Amino acid sequence: MKKWDVIIVLAVLAVAGSLYFSGLLRADTPGGVAVVYVDGVEITRLSLLKDTEYRVETEHGYNVVKVEDGKAEIIDADCRDKICTKHKAISLKNESIICLPHKVVVEIEGGNENTVDAVVQ
Ligand SMILES: [Zn+2]
């Protein structure tokens, strides 16, 4: 490829990537953040460096997200399957916990790379 071809391809990739992963690129926090989405809308960002609990209220019910020791998990919810509460705590970039009944997603941004490309659930 010619030099300009490479530049154009990279530019296109950069634009497409930033559109798709704007949320991921925005996050550059050491240690990562747990981003909480409800129905695809970002509700809050919880630093993994700070132990905290956050209650997510949705029209379908609630989920309680807990951050402890640099990991995030859903410790309580009133969804019908409770799959989200059984999910292990997440801490690696792009790991996520999904509560399908509530359309709640907790996703890790920034922080350490996920070396194992495992998608649980
Ligand atoms: Zn759930």
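Conventions we followed
- Residues numbered from 1 in each chain as written.
- Predicted model: local features only at pLDDT ≥ 70, side-chain atom pairs only at ≥ 80, totals over all residues.
- Heavy atoms only, no water.
- Phe/Tyr/Trp six-rings, centres within 6.5 Å; stacked < 30°, edge-to-face > 60°.
- Lys NZ or Arg CZ within 6 Å of the ring centre and 35° of its normal.
- Pairing = 2+ DSSP bridges.
- Helix = DSSP H or I, 4+ residues; strand = E, 2+ residues; numbered from the N terminus.
- Axes fitted to C-alpha atoms, helices over the stretch in contact; angles between N-to-C directions.
- Donors = N, O, S within 2.8 Å, 3.2 Å for Na, K, Ca; no water.
- Buried < 20%, exposed > 50% of the residue type's maximum accessible area, 1.4 Å probe, protein only.
- Salt bridge = Lys/Arg side-chain N within 4 Å of Asp/Glu carboxyl O.

**Q** Is there a simple way to think about the packing of aromatic side chains in this case?
**A** Aromatic ring pairs are defined here through the distance separating the ring centres and the angle between the ring planes. As enumerated under the stated definition, the model contains 0 aromatic pairs in all. In this structure, arginine 55 is placed above the aromatic ring of tyrosine 62, and the distance from its NZ or CZ to the ring centre is 4.1 Å.

**Q** Help me understand the sheet that holds strand 2 (residues 41-47), please; the structure alone is not making it clear to me.
**A** Sheets are built from strands that pair by backbone hydrogen bonding, the pairs being arranged parallel or antiparallel. Within the open sheet, the 4 strands sit side by side as 2-1-7-6. Their pairing is antiparallel. Both outer strands of the open sheet, strand 2 and strand 6 (96-99), are each paired with one neighbouring strand and no more. Strand-to-strand twist in this sheet, taken as the mean axis angle between neighbours without regard to direction, amounts to 20°. Where strand 1 (residues 33-38) lies against strand 7 (residues 104-109), 6 bridges are found, and the strand directions are antiparallel. Within strand 7, the position partnered with valine 36 by the bridge is valine 106.

**Q** I keep staring at the coordination of the zinc ion and nothing clicks. Help me out?
**A** Where a metal carries four tetrahedral donors, each ideal angle is 109.5 degrees; where it carries six octahedral donors, the ideal angles are 90 or 180 degrees. The protein atoms that coordinate the zinc ion are Cys79 (SG), Cys84 (SG) and Cys99 (SG), at distances spanning 2.2 Å. Going along the chain, you hit the donors of the zinc ion in the pattern C-x4-C-x14-C. Here cysteine 99 lies in strand 6 and cysteine 79 lies in the loop between strand 5 (71-77) and helix 3 (83-86), a separation of 20 residues in the sequence. Cysteine 99 shares its class with cysteine 79; the two are buried.

**Q** Hey, could you run me through the pattern of salt bridges in this one?
**A** Side-chain pairing between opposite charges can occur once the charged atoms of the two side chains come close. This model, assessed by the stated rule, comprises 5 salt bridges. For arginine 45, the salt bridge goes to glutamate 109, with nearest N and O atoms at 2.7 Å. Of this pair, arginine 45 sits in strand 2 while glutamate 109 sits in strand 7, placing them 64 residues apart in sequence. Owing to a relative accessible area of 30%, arginine 45 belongs among the partly exposed residues under this scheme.

**Q** Looking at this structure, I do not really get the sheet that holds strand 3 (residues 52-57). What am I missing?
**A** A sheet is described by the order of its strands in space; here 3 strands give the open sequence 3-4-5, paired in antiparallel fashion. The open sheet has two edge strands, strand 3 and strand 5, and neither has a second partner. Direction aside, neighbouring strands of the sheet carry axes that sit 25° apart on average. Where strand 4 (residues 62-68) meets strand 5, 6 bridges bridge the pair, whose relative direction is antiparallel. Across the sheet, residue asparagine 63 finds its bridge partner in strand 5, namely alanine 77.

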